[in-house]
Amino acid sequence: MSVLTQKSFSLTQYGITQTAFRNLPPAALYQQALQHDSKAAITSNGALVAYSGEKTGRSPKDKRIVEHTDSSQNIWWGDINIKLSDASFMANRDIATKFLSNAETLYILDGFAGWDARYRRKIRVITTRPYHALFMHNMLIRPTEAELAEFGEPDYVIFNAGQCPADESVEGVSSKTSVALSFERKEMVILGTEYAGEMKKGVFTIMNYLMPLEGEFPMHCSATVERSGETSTILFGLSGTGKTTLSADPNRDLIGDDEHVWTTDGVFNIEGGCYAKAIDLSAEKEPDIYGAIKFGAVLENVVLDENHHVDFSDTSITQNTRVSYPIEFISNARIPCVAGQPKNVIFLTCDAFGVLPPVAKLNPAQAMYHFISGYTAKVAGTEMGVTEPQATFSACFGAPFMVWHPAKYAELLAEKIREHQVDVWLVNTGWAGGAYGSGERIKLKYSRAIVDAINTGKLKDAPSITDPRFGFEIITQCPDVPSDILQPQNAWSNQEDYVKQANDLVERFENNFNKNYINQANDELKSAMPKKIV
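Residues numbered from 1 in each chain as written. Predicted model: local features only at pLDDT ≥ 70, side-chain atom pairs only at ≥ 80, totals over all residues. Heavy atoms only, no water.

Under the annotation held in an unreviewed UniProt entry, the protein chain carries the name Phosphoenolpyruvate carboxykinase (ATP) and is attributed to Suttonella indologenes. Entered under Catalytic activity (unreviewed entry) in the UniProt record, the comment concerning the protein chain runs "oxaloacetate + ATP = phosphoenolpyruvate + ADP + CO2". Under Subunit (unreviewed entry), UniProt gives the following word-for-word description of the protein chain: "Monomer." (UniProt positions renumbered as here; feature names shortened; annotations may be inferred.)

A. Local environment of the packing of aromatic side chains. Taken as a whole and judged by the stated rule, the model has 29 aromatic pairs. Here phenylalanine 204 and phenylalanine 401 contribute two aromatic rings whose centre-to-centre distance is 5.8 Å and whose plane-to-plane angle is 50°, an arrangement assigned as tilted. With phenylalanine 204 in helix α5 (residues 197–213) and phenylalanine 401 in the loop between β26 (390–393) and α9 (406–420), this pair connects stretches of sequence that are 197 residues apart. Judged on exposure class, the residue phenylalanine 204 and its partner phenylalanine 401 are both buried. Residues tyrosine 369 and phenylalanine 513 carry aromatic rings whose centres are separated by 5.0 Å and whose planes lie at 40° to one another, so their mutual orientation is tilted. You can see tyrosine 369 sitting in helix α8 (residues 364–373) and its partner phenylalanine 513 sitting in helix α13 (residues 495–516), a full 144 residues away along the chain. (Phe/Tyr/Trp six-rings, centres within 6.5 Å; stacked < 30°, edge-to-face > 60°. Helix = DSSP H or I, 4+ residues; strand = E, 2+ residues; numbered from the N terminus. Buried < 20%, exposed > 50% of the residue type's maximum accessible area, 1.4 Å probe, protein only.)

B. Quick peek at the domain arrangement of the protein chain. Assigned domains within the protein chain: domain 1 (18–216 + 273–329) and domain 2 (219–263 + 341–528). The C-alpha centroid of domain 2 is placed 30 Å from the C-alpha centroid of domain 1. Domain 1 puts 31 residues into the contact, and the matching count from domain 2 is 29 residues. Of the roughly 2400 Å² buried where domain 1 meets domain 2, counting both sides, 60% is carbon and sulfur surface. Applying the counting rule to domain 1 against domain 2 returns 5 salt bridges. (Domains from an automatic or database assignment. Contact = heavy atoms within 4.5 Å. Buried area = accessible area lost by both parts, 1.4 Å probe. Salt bridge = Lys/Arg side-chain N within 4 Å of Asp/Glu carboxyl O.)

C. Structural context of unusual backbone geometry. Here the residue pair isoleucine 335 and proline 336 is connected by a cis peptide bond, since its omega of 0° sits within 30 degrees of zero. Note on placement: proline 336 falls in the loop between β21 (322–326) and β22 (338–339). Of note, aspartate 280 is a non-glycine position whose phi angle comes to about 60°, a positive value. In this structure, aspartate 280 sits in the loop between β17 (273–277) and α7 (287–291). Aspartate 280 sits in the partly exposed class, given a relative accessible area of 40%. Located in the positive-phi region is cysteine 396, a residue other than glycine, with phi close to 60°. Along the polypeptide, cysteine 396 turns up in the loop between β26 and α9.

D. Spatial organisation of the sheet that holds strand β18 (residues 298–300). Ordered by their spatial adjacency, 5 strands build an open sheet running β3-β4-β18-β21-β17, and the pairing between neighbours is mixed. For this open sheet the edge positions go to β3 (41–42) and β17, each flanked by a neighbour on one side alone. Pairing of β17 with β21, which is carried by 5 bridges, proceeds in the antiparallel orientation. When the bridges of β21 are listed, alanine 276 appears paired with valine 323. (Pairing = 2+ DSSP bridges.)

E. Structural view of the confidence of the model for the protein chain. Looking at the protein chain, the pLDDT average stands at 94 and 97% of residues meet or exceed 70. Taken as a whole, residues 380–387 scores under 50 in pLDDT and shows 10 contacts with residues more than four places along the chain or in a different chain. (pLDDT = per-residue confidence, 0-100.)

F. Here's a closer look at the pairing of strand β10 (residues 178–182). Within β10, 5 of the 5 residues are buried, leaving the element largely enclosed by the surrounding structure. Burial of β10 is two-sided: the residues Ser178, Ala180 and Ser182 facing one way and the residues Val179 and Leu181 facing the other way are all buried. Where strand β5 (residues 63–66) lies against β10, 3 bridges are found, and the strand directions are parallel. Bridge pairing in β10 places isoleucine 65 opposite leucine 181. Across 5 bridges, the pairing between β10 and strand β11 (residues 187–191) is antiparallel. If you follow serine 182 over to β11, its bridge partner there is glutamate 187.

G. Summary view of the UniProt feature "binding site: substrate" (unreviewed entry) in the protein chain. Following the UniProt record, the feature "binding site: substrate" (unreviewed entry) maps to Arg58, Tyr195, Lys201 and Arg322 here. Look at the named residues: they lie 265 residues apart in sequence, but the longest C-alpha span between them is just 14.3 Å, so in the fold they bunch up. Residue arginine 58 is classed as partly exposed on the basis of its relative accessible area of 33%. Other than its neighbours up to four places away in sequence, arginine 58 contacts Tyr195, Glu198, Lys201, Pro400 and Phe401. Take arginine 322: it is sitting in strand β21. Ignoring anything within four residues of it in the chain, the contact list for arginine 322 reads Tyr195, Tyr275, Ala276, Lys277, Ala278, Val298, Leu299 and Glu300.

H. Here's a closer look at the packing of helix α3 (residues 130–139) against α5. Their axes nearest at 10 Å, the elements α3 and α5 cross at an angle of 40°. Regarding α3 and α5, the two cross each other, and that crossing is right-handed. Where α3 approaches α5, its residues His132, Phe135, Met136 and Met139 are matched on the opposing element by Gly197, Met199, Lys200 and Val203. (Axes fitted to C-alpha atoms, helices over the stretch in contact; angles between N-to-C directions. Left-handed = near helix turned anticlockwise from the far one by under 90°.)

Below, the structure is given as structure tokens:
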């Protein structure tokens with residue numbers, strides 16, 4: 001069947017009069033991109049290059065969720081989940097369907113979210129851009145021909161009319177960008193942004209809402225599994241903490257790099273691919289990701305030279321350059337992306353204040369507290385206006401995608417930890433011996449050694465001391481890690497400065513928790529709050 005004869009899939013059930021190409025293979029989507037997108041290009045190693053226009057990152061302030069009696073009591077309303085009326089959602093939907101009906105060409109991508117068939121959801125994406133279709137071909141789990149033939153009606157539909165601006169006269173719409181989700185209609189409408197990540201994170205938001213309804217725990221994390229077995233490890237962490245780097249473990253298989261669900265049987269990846277940062281990417285620093293950039297991969301907003309080589313250091317378009325590729329492009333990926341119960345959970349943080357230890361063991365209450373806090377630190381010079389280290393707290397290590405109150409996810413984590421007797425660790429990949437500017441960044445080889453020692457069980461009964469402020473157990477001996485950096489206070493030359501900095505960090509934790517969570521916290525969670533020590 002030729003490409004042209006595949007343009008026959010009807011969308012009249014959605015009020016869209018245009019027919020569409022459905023699940024075109026990557027080669028055909030390349031052809032469509034080069035034909036319909038004047039800026040599309042192919043790199044020297046075969047990846048497709050596309051550009052998302054004005055928006056080169058997500059637009060969290062423009063995300064809305066429909067307020068409905070069936071789901072409203074479950075949703076954490078506020079700055080993360082902003083209310084939208086059903087009438088306004090339908091106004092957005094009408095704008096999108098009219099735009100899609102008048103588009104020259106439409107593309108459908110039908111795929112699955114979730115490798116475990118019991119929890120799998122069928123997702124349909126309707127878009128005007130072939131690059132978006134290829135992106136979701138990579139990021140969703142790709143159905144076989146038989147599965148596609150029996151796909152039927154999807155569980156959720158994403159109307160991606162990102163080339164069409166939103167109407168700011170619609171109540172609840174505050175800019176020309178709108179990303180709106182209705183759990184009751186099982187639909188998502190995208191207007192005014194062509195950044196592909198909105199679709200990916202939209203699916204994650206859907207799963208973040210649905211999985212707790214089934215008693216299961218969705219997570220913004222990476223996951224690995226022992227090479228010759230089923231025991232997994234989960235790594236939570238915000239941007240810059242080393243989540244992707246430390247999950248690229250040559251001794252273990254990769255389950256996934258970003259989105260997972262922890263169930264009664266183990267862990268499964270939600271996605272069928274990876275969406276990695278490409279800034280300053282090199283074969284030396286990230287060989288697995290670098291090697292995945294080939295035919296079928298999508299590079300977003302990168303700069304090419306005259307020979308179509310990518311300049312990964314060029315951030316003239318955006319610092320948020322990205323690459324999307326199927327997970328099987330990673331040689332040590334475990335397919336299907338499912339593993340057994342975790343033995344270890346690791347919280348990664350980049351503490352620029354030099355207070356948190358390179359590794360500490362947490363009890364269940366402390367695990368809930370640090371999970372709900374989601375702490376890391378921005379370093380001076382990394383963002384406009386940042387002149388000194390700034391503490392950053394993102395609930396559950398992924399607040400923008402949480403639908404329920406963070407306490408709900410923290411309770412699910414605690415239940416899983418207790419049920420499966422999982423060890424929880426805090427690993428600081430930031431500074432030791434002083435704060436940023438005076439101390440030194442903990443070497444990557446030491447962080448790798450710590451994660452390896454956790455996975456091999458060498459730290460389970462390692463010597464430790466109790467931290468007087470945070471209460472967790474600081475590990476004092478770890479193979480291939482200098483003992484002088486393992487106890488933060490001992491690594492500082494000026495003890496008065498350490499005490500001042502440590503108490504300052506405790507105060508930041510307290511302020512964040514008291515502002516956002518104290519009213520919903522139970523006594524167990526409150527017991528894990530740190531305290532100042534003079």
